[in-house]
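# Reading the structure
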Amino acid sequence: MGLQNRRATNCWMVPPHQVTESKQQEDEDLIKPRKLPNPILASQQHGALHRELLLCHRRGLLPRGKSELQCVLEHKWREQHKQRELALCPPSDLEVKLRTRQQKIQFYELEEKKRTESLHNVPEFVRVRGTLKRIQTFSS
């Protein structure tokens with residue numbers, strides 16, 4: 001009963017399709033507001049930058065999100081880890097030979113450097129006299 005009474009009271013209302021038609025007519029008469037364009041987003045420079053960022057992102061060329069300090073700390077940690085691993089395993093024969101060869105080369109370079117420095121410290125007339133002695137012995 002109560003449900004039938006409610007239906008009877010709603011009969012005076014306008015059918016919903018007529019309401020939407022009248023609203024549509026009113027809406028057509030009014031000027032509809034449009035959203036203003038953002039001058040930054042509309043600029044060509046912004047579009048070009050956005051395209052470049054998308055391209056770099058696809059290629060994986062963008063910088064990482066980590067700070068410079070964090071990258072340096074991670075690099076130091078990796079280097080220390082490598083040094084620990086190298087310290088645990090004994091060097092190979094090749095590494096030992098290369099190391100001794102490098103030490104010999106450094107020793108010879110140091111001797112050559114000392115010899116050239118000692119020649120520069122000697123007065124000029126002594127150097128000329130030494131070269132004259134050599135020339136005389138070769139010519140005889």
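Treat the numbers as computed from the prediction; the structure is a model and nothing was measured.

## So, the overall build of the protein chain
- Scanning the protein chain from terminus to terminus reveals seven helices and zero strands.
- Secondary structure elements of the protein chain, listed N to C terminal, follow the sequence α-α-α-α-α-α-α.
- Here the protein chain holds 140 residues, and the buried ones make up 2% of them.
- Within the structure as shown, the protein chain displays about 14600 Å² of accessible surface, and the carbon and sulfur contribution to it stands at 59%.

## Digging into a nonpolar patch on the surface
- Together, L49, L53 and L62 give the surface a local cluster of nonpolar side chains, amounting to about 250 Å² of exposed area.
- Inspection of the secondary structure assignment puts L53 in helix α4 (residues 44–59).

## Quick look at α4
- Compared with the 22 Å implied by 1.5 Å per residue over 16 residues, the 23 Å span of α4 between its first and last C-alpha is a close match.
- At the exit of α4 stands G60, carrying a positive phi of roughly 85 degrees.

## Considering the environment of P91
- Position of P91 among the secondary structure elements: in the loop between α5 (68–88) and α6 (93–121).
- Sequence-distant contacts of P91, that is, excluding residues within four places in its chain, are made with V96 and R99.

## A few points about the pattern of salt bridges
- Evaluation of the coordinates by the stated rule reveals two salt bridges.
- Between R78 and E74 there is a salt bridge; the shortest N-O distance is 3.9 Å. Taken together, the positions of R78 and E74, both in helix α5 and four residues apart, correspond to about one turn of that helix.
- The exposure class assigned to E74 is partly exposed, which follows from its relative accessible area of 25%.
- Between E112 and R115 there is a salt bridge whose closest N-O contact spans 2.8 Å. In this pair, E112 and R115 are both assigned in helix α6, three residues apart and thus about one turn of the helix distant.
- The exposure class of E112 is partly exposed, given its relative accessible area of 40%.

## Overview of the confidence of the model for the protein chain
- Across the protein chain, the average pLDDT comes to 80, with 79% of residues at 70 or higher.
- Within the protein chain, the element-level pLDDT minimum falls on helix α1 (residues 2–9), averaging 52, and the maximum on α6, averaging 91.

## Structural notes on a negative patch on the surface
- A cluster of acidic side chains, namely E26, D27, E28 and D29, defines a negative patch on the protein surface.
- If you trace the backbone, E28 turns up in helix α2 (residues 16–29).
- Judged by its relative accessible area of 65%, E28 falls in the exposed class.

## Examining the packing of aromatic side chains
- Tallied over the entire structure, the rule returns one aromatic pair.
- Relative to Y108, the ring of F107 has its centre 6.1 Å away and its plane inclined at 55 degrees; by these criteria the two rings are tilted.
- F107 sits in the partly exposed class, given a relative accessible area of 47%.

Calculation rules
- Residues numbered from 1 in each chain as written.
- Predicted model: local features only at pLDDT ≥ 70, side-chain atom pairs only at ≥ 80, totals over all residues.
- Heavy atoms only, no water.
- Helix = DSSP H or I, 4+ residues; strand = E, 2+ residues; numbered from the N terminus.
- Buried < 20%, exposed > 50% of the residue type's maximum accessible area, 1.4 Å probe, protein only.
- Areas by Shrake-Rupley, 256 points an atom, 1.4 Å probe, with all protein chains shown as cover.
- Patch = residues over 30% accessible without salt bridge, like charges linked within 9 Å, V, L, I, M, F, W, Y side chains within 5 Å.
- Salt bridge = Lys/Arg side-chain N within 4 Å of Asp/Glu carboxyl O.
- Expected span 1.5 Å × (residues − 1).
- Contact = heavy atoms within 4.5 Å.
- pLDDT = per-residue confidence, 0-100.
- Lys, Arg positive; Asp, Glu negative; His and termini not counted.
- Charge placed at Lys NZ, Arg CZ, Asp CG, Glu CD.
- Phe/Tyr/Trp six-rings, centres within 6.5 Å; stacked < 30°, edge-to-face > 60°.

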